[in-house]
Amino acid sequence: KQWYQRRVRAPSFPEFVSFILYARAHKDSRGDNVHWKPAAMWADICQMEIDIVAKLENEKDELPYLLEKLGLSSDLLGRFLTKENASGGKEVAGSEVRELISELSENDQKELNEIYQLDYEIFEYEPVYSSVT
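Residues numbered from 1 in each chain as written. Predicted model: local features only at pLDDT ≥ 70, side-chain atom pairs only at ≥ 80, totals over all residues. Heavy atoms only, no water.

**Q** Run through the overall build of the protein chain, naming residues and quoting values.
**A** Counting secondary structure elements, the protein chain contains six helices and zero strands. For the protein chain, the α and β elements follow one another from N to C terminus as α-α-α-α-α-α. Taking all 133 residues of the protein chain together, the buried fraction comes to 20%. Intrachain contacts of the protein chain at a sequence separation of at least 6 include 44% that bridge at least 24 residues. (Helix = DSSP H or I, 4+ residues; strand = E, 2+ residues; numbered from the N terminus. Buried < 20%, exposed > 50% of the residue type's maximum accessible area, 1.4 Å probe, protein only. Contact = heavy atoms within 4.5 Å.)

**Q** Pulling in residues and values, what's your account of the packing of aromatic side chains?
**A** Scanning the entire structure with this criterion turns up two aromatic pairs. Aromatic pair Phe 16 and Trp 36: ring centres 5.1 Å apart, planes at 85°, arrangement edge-to-face. With Phe 16 in helix 1 (residues 13-25) and Trp 36 in the loop between helix 1 and helix 2 (39-42), this pair connects stretches of sequence that are 20 residues apart. With a centroid separation of 6.1 Å and an interplanar angle of 85°, the aromatic rings of Phe 19 and Trp 36 are classed as edge-to-face. With Phe 19 in helix 1 and Trp 36 in the loop between helix 1 and helix 2, this pair connects stretches of sequence that are 17 residues apart. Chaining the aromatic ring pairs together yields one cluster made of Phe 16, Phe 19 and Trp 36. (Phe/Tyr/Trp six-rings, centres within 6.5 Å; stacked < 30°, edge-to-face > 60°.)

**Q** Account for the side chain of Gln 109, naming residues and giving values.
**A** For Gln 109, the location among the structural elements is in helix 6 (residues 106-123). A residue is classified by how much of its surface remains accessible, and Gln 109, at 10% relative accessible area, is buried. Within the structure, Gln 109 has its side chain in polar contact with the backbone oxygen of Leu 104 (distance 3.1 Å). With near-sequence residues (within four places) excluded, Gln 109 lies in contact with Ile 101, Ser 102, Leu 104, Val 128 and Tyr 129. (Polar contact = N/O pair within 3.5 Å; in protein donor to acceptor, adjacent residues only side chain to side chain.)

**Q** Can you break down helix 6 residue by residue, with the values?
**A** Most pronounced at Tyr 116, the bend in helix 6 amounts to some 65°. Downstream of helix 6 by one or two residues, Glu 124 has phi in the positive range, about 60°. (Bend = angle between axes of the 7 residues up to and from the residue.)

**Q** Give a description of the environment of Phe 19 that names residues and reports values.
**A** Residue class for Phe 19 comes out partly exposed when judged on its relative accessible area of 26%. Counting along the chain gives eleven residues from Phe 19 to Arg 30, while the straight-line C-alpha distance between them is 9.0 Å. Excluding anything up to four places from it in sequence, Phe 19 contacts Arg 30 and Trp 36.

**Q** An account of the nonpolar core is requested, with residue identities and associated values reported.
**A** Within the largest apolar cluster, nine residues are counted, these being Val 17, Ile 20, Leu 21, Ile 101, Leu 104, Leu 112, Ile 115, Tyr 116 and Tyr 120. At the level of secondary structure, the elements contributing two or more residues to this core comprise helix 1 and helix 6. Sort the elements by how many residues they give to this core and helix 6 lands first, with four residues. Setting aside anything within four residues of it in sequence, one finds Leu 104 in contact with Phe 13, Pro 14, Val 17, Gln 109 and Leu 112. (Core = buried A, V, L, I, M, F, W, Y, C linked by side-chain atoms within 4.5 Å.)

Below you can see the structure in the form of structure tokens.
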């Protein structure tokens, strides 16, 4: 098989988090990927005039509003809500998120909180770790 045809096992969630934390601690540029870099670091939120903040976990409800505000046809909605382009309207239950977070060490949870603290505040998310249980 060619190198591009080999199947590579996807990392587990704890392995992925360990990679992010390691890369950030060692100034490895792979840890700067915009997909997991805190939004407050790349969105320049304080310098921008923001009209709408749409959260992907609510895309099924928020995309129609966004299309309307942009003056685009609602016919485009189906193109956005596909498996290839988005979560396909699949909602992730809070219990699924809590289960993934529970797989992380307490230290990793605390480090994630430190990295994403400003994002939690700006976008109204709950921290992944709370010492109050």
